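Residue strings, one per chain:
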Amino acid sequence: MVPEASNPSPGGHIFVGKSCLLNVMDEHFLIRIVEIGDDFVRVTFPGRDYPVEGMRVYLEFHDEGGFDCYPALVLHGAEDGNDTIIVEKPTSYRRTHHRVSCRIPTDLTVQIRDQVHVRKYDAAVLNISSGGVLVRTNAPFDFNTTVEFSFSLPGEAQHSALGQVVHISMTDEPQGPADSQLLGIRFINPDPSLVRSINRFVSTRLRELFPRR
């Protein structure tokens, strides 16, 4: 999935009779909105002892391109004999797009640099797709930084790539360098030859991982 920034206000999903998925502790339930107040939404829920007041849940509205996710706190949880719960009325949502390219793990090491600075940093490429890479590095890059790096896949020519940092998270993995970060980098206008090389690599690895029986 490829997330986008949160939108400032809900879309047109919240109305009585609308069905969606409710994410409760990473478990998904098909629910239906049965009542809407000024600051609350009542929805159906099959549980009898959870969720409880104060838990965070997510209303997810899926379509072919992805889903819109609305975070909300539980105001009134499930009780015996009750088949609904009440959550706060969402005030924002996040759009997540479905991936159109497959990620494959790698053990490549590349040198990467900020496009406007000379210094290069080592980076371990954890996975790659035709849309971008996930790397682990101690490079001090910020969100939206434009970066350059070169690499070659097994059996393929060397390629240079331009990308933009679209995700950052810290990592405490023991095999990683101190104070390293996980950077999700999206390719910017990748050369068609690069895309073809990655697609060939992905296809080869998938056949290795899922051989015909």
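Summary of the structure given here. Note that the coordinates shown come from a computational prediction; the quantities given were computed from them, not determined experimentally. (Residues numbered from 1 in each chain as written. Predicted model: local features only at pLDDT ≥ 70, side-chain atom pairs only at ≥ 80, totals over all residues. Heavy atoms only, no water.)

1. Some words on the nonpolar core
Item 1. Core analysis: the biggest nonpolar cluster contains 25 residues, and Ile 112, Val 133, Phe 141, Phe 149, Phe 151 and Ile 185 have the highest contact counts within it.
Item 2. Going through the elements one at a time, strand E9 (104-114), strand E10 (121-129), strand E11 (132-137), strand E12 (146-152), strand E13 (158-170), strand E14 (181-187) and helix H1 (192-209) are the ones with two or more residues in this core.
Item 3. Ignoring any residue separated from it by four or fewer positions in sequence, one finds Phe 141 in contact with Ile 112, Arg 113, Asp 114, Tyr 121, Val 147, Val 165, Ile 168, Gln 181 and Leu 183.
Item 4. Ranked by size, the runner-up nonpolar core spans 21 residues in total, among them Ile 31, Phe 45, Leu 59 and Val 87. (Core = buried A, V, L, I, M, F, W, Y, C linked by side-chain atoms within 4.5 Å. Buried < 20%, exposed > 50% of the residue type's maximum accessible area, 1.4 Å probe, protein only. Helix = DSSP H or I, 4+ residues; strand = E, 2+ residues; numbered from the N terminus. Contact = heavy atoms within 4.5 Å.)

2. What about the environment of Tyr 121?
Item 1. For Tyr 121, the location among the structural elements is in strand E10.
Item 2. The spacing of Tyr 121 and Phe 149 is 28 residues in sequence and 9.6 Å in space, taken between C-alpha atoms.
Item 3. Dropping the residues within four chain positions of it, Tyr 121 is found in contact with Val 110, Gln 111, Ile 112, Thr 137, Asn 138, Ala 139, Pro 140 and Phe 141.

3. So, the pattern of salt bridges
Item 1. Inspection of every chain in the model, using the stated rule, returns six salt bridges.
Item 2. The closest approach of N and O atoms between Asp 63 and Arg 95, which form a salt bridge, is 2.9 Å. Taken together, the residues Asp 63 in strand E5 (residues 56-63) and Arg 95 in strand E8 (residues 93-97) connect sequence positions 32 residues apart.
Item 3. A relative accessible area of 14% means that Arg 95 is categorised as buried.
Item 4. Through salt bridges that share partners, Asp 63, Asp 68 and Arg 95 make up one connected network. (Salt bridge = Lys/Arg side-chain N within 4 Å of Asp/Glu carboxyl O.)

4. What to know about the sheet that holds E12
Item 1. Ordered by their spatial adjacency, six strands build a closed barrel running E9-E10-E11-E14-E13-E12, and the pairing between neighbours is antiparallel. In this sheet, adjacent strand axes meet at a mean angle of 45° when their direction is disregarded.
Item 2. Two elements, E11 and E14, share six bridges in a ladder whose sense is antiparallel. Looking at E14, one finds that Val 133 is bridged to Ile 185.
Item 3. Sitting on the sheet, H1 touches E9, E10, E12, E13 and E14, and the angle it makes with E9 is about 150°. (Pairing = 2+ DSSP bridges. Axes fitted to C-alpha atoms, helices over the stretch in contact; angles between N-to-C directions.)

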